[in-house]
Amino acid sequence: MPQCEMCGSDQASLKTVKVEGAELQLCDNCAQFGTEVRTESTSSASSKYSTSSSSGKSSGSSGSSSSSSSKTRRRRDMFDDMDEIATDYDSRIRQARESRGLSQEELAQSLNEKASLIRKLERGDIMPPDSVREKLERKLDISLVEGESDDDSEWSGGGSTTTTLGDVVKRKD
């Protein structure tokens, strides 16, 4: 009996679900954490770990399923609504504070936060919690969020020509 790749429970049938860019075989309970991927045939799931040279059938079905997924837009999931903190948030905070002539203690007092928190943020030791990030953005008139892009090109995997272990391994059932 197949197991859910997220919780490990034995299920009679599993759904192919995309969670944070990875396609997983999940039970109905865990499927809510991602976006269900529609597959055209069940033969591609059974030959998931075989090489393309050993089975011409699997390479044909994987080519058709990738072309159909590129035509349709994926459904939004819970991670689309989360803000991604900029990698240089520490220098943005420091520069904005210094340009206004504020000390770390003065900034902390105006935000009703501890000065040690501002020091840790400016050193890059911790990521700002959402409440503190919003206060800093309002007070210093800056943005600590990365630019959003609707392009999932880094997760597509369709244009990769490098061979991975998953391309050559054969699974024993």
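Above this text you will find the structure in question.
Rules behind the numbers
Residues numbered from 1 in each chain as written. Predicted model: local features only at pLDDT ≥ 70, side-chain atom pairs only at ≥ 80, totals over all residues. Heavy atoms only, no water. Helix = DSSP H or I, 4+ residues; strand = E, 2+ residues; numbered from the N terminus. Buried < 20%, exposed > 50% of the residue type's maximum accessible area, 1.4 Å probe, protein only. Areas by Shrake-Rupley, 256 points an atom, 1.4 Å probe, with all protein chains shown as cover. Pairing = 2+ DSSP bridges. Salt bridge = Lys/Arg side-chain N within 4 Å of Asp/Glu carboxyl O. Contact = heavy atoms within 4.5 Å. Core = buried A, V, L, I, M, F, W, Y, C linked by side-chain atoms within 4.5 Å.

Participant: Describe the overall build of the protein, naming the residues involved and giving the relevant values.
Facilitator: Each helix and strand counted, the protein has eight helices and three strands in total. Along the protein, helices and strands appear, N-terminal first, in the series β-β-β-α-α-α-α-α-α-α-α. Counting the 173 residues in the protein, one finds 23% classified as buried. Carbon and sulfur atoms make up 46% of the accessible area of the protein, which amounts to about 12200 Å² in all.

Participant: Could you give an account of the sheet that holds strand S1 (residues 15–19), naming the residues involved and the relevant values?
Facilitator: Pairing is antiparallel in the open sheet, where three strands are placed in the order S2-S1-S3. In this open sheet, the two strands that pair with only one neighbour each are strand S2 (22–26) and strand S3 (35–36). Direction of pairing for S1 relative to S3: antiparallel, over a ladder of two bridges. Bridging from a neighbouring strand, Val 17 pairs with Glu 36 of S3.

Participant: Quick rundown of the pairing of S2? Include the residues and the values.
Facilitator: The side chains of a regular strand alternate, first on one face of the sheet and then on the other. Relative to S2, S1 is paired through five bridges, and the arrangement is antiparallel. What sits directly across from Thr 16, in S2, is Gln 25. In this antiparallel pair of consecutive strands, S1 and S2, the connection spans two residues, and Glu 20 shows a positive phi of 50°.

Participant: Which residues make up the pattern of salt bridges, and what values go with them?
Facilitator: The final tally for this structure, using the stated rule, is nine salt bridges. Residues Asp 28 and Lys 15 are paired through a salt bridge, measuring 3.5 Å at the closest nitrogen-oxygen approach. With a gap of 13 residues between them, Asp 28 in the loop between S2 and S3 and Lys 15 in strand S1 connect regions that are remote in the sequence. Residue Asp 28 is classed as exposed on the basis of its relative accessible area of 54%. Across the pair Glu 98 and Arg 97 runs a salt bridge whose closest N-O atoms are separated by 3.8 Å. Residue class for Glu 98 comes out partly exposed when judged on its relative accessible area of 48%. Residue classification places Arg 97 among the buried residues on the basis of a relative accessible area of 9%. Within this structure, Arg 97, Glu 98 and Glu 122 form a network of salt bridges that share partners.

Participant: Go over the environment of Cys 4, please, and point to the residues and values.
Facilitator: On the secondary structure map, Cys 4 appears in the segment before S1. The class for Cys 4 is buried, based on a relative accessible area of 4%. In this view, Cys 4 contacts Ser 9, Leu 14, Gln 25, Leu 26, Cys 27 and Cys 30; residues no more than four positions away in its chain are not counted.

Participant: Can you tell me about the nonpolar core, naming the residues and giving the values?
Facilitator: Formed by 15 residues in total, the largest nonpolar core has its most connected members in Tyr 89, Ile 93, Leu 107, Ile 118, Leu 121, Leu 136 and Leu 140. Contributing elements (two or more residues each) for this core: helix H3 (89–99), helix H4 (104–111), helix H5 (115–123) and helix H6 (130–140). It is H5 that provides the largest number of residues to this core, a total of four residues. Grouped together as the second largest cluster of nonpolar side chains are seven residues, Val 19, Leu 26, Cys 27 and Cys 30 included.

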